[in-house]
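What follows is each chain in one-letter form.
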Amino acid sequence: MDCTLEDIYNSKRIVKEYAIYHNICPKCRERLKLITYYEPKCEHFGYPASEEMSELRCDCGWNDGID
Ligand SMILES: [Zn+2]
């Protein structure tokens, strides 16, 4: 099979998007967990501020920041 680096990159990206869409880990195919947490931000007019962040994580160590 003749396959370029770009093909590999594109298929990996598609697999990742498909897996995330279906809440499946692209690495081990376990179910992903959506973790929501608050990122502290600098104080805003004297009040503490935070930003809601969420990320997909798996028990195998995979998260949606990893490519
Ligand atoms: Zn996993």
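Residues numbered from 1 in each chain as written. Predicted model: local features only at pLDDT ≥ 70, side-chain atom pairs only at ≥ 80, totals over all residues.

Caption draft 1: Structural detail: the overall build of the protein chain. When helices and strands are tallied, the protein chain shows one helix and two strands. Ordering the α and β elements of the protein chain from the N terminus gives α-β-β. A compact globule built from 67 residues should have a C-alpha radius of gyration of about 11 Å, whereas the protein chain, at 17 Å, is more than 25% larger. Across the 67 residues of the protein chain, 4% fall into the buried class. Long-range contacts, defined here as pairs at least 24 residues apart, represent 35% of the contacts in the protein chain between residues at least 6 apart. (Helix = DSSP H or I, 4+ residues; strand = E, 2+ residues; numbered from the N terminus. Rg over C-alpha atoms; globule rule 2.2 N^0.38 Å. Buried ≥ 20, exposed ≤ 12 C-beta atoms within 10 Å, placed from the backbone. Contact = placed C-beta atoms within 7 Å.)

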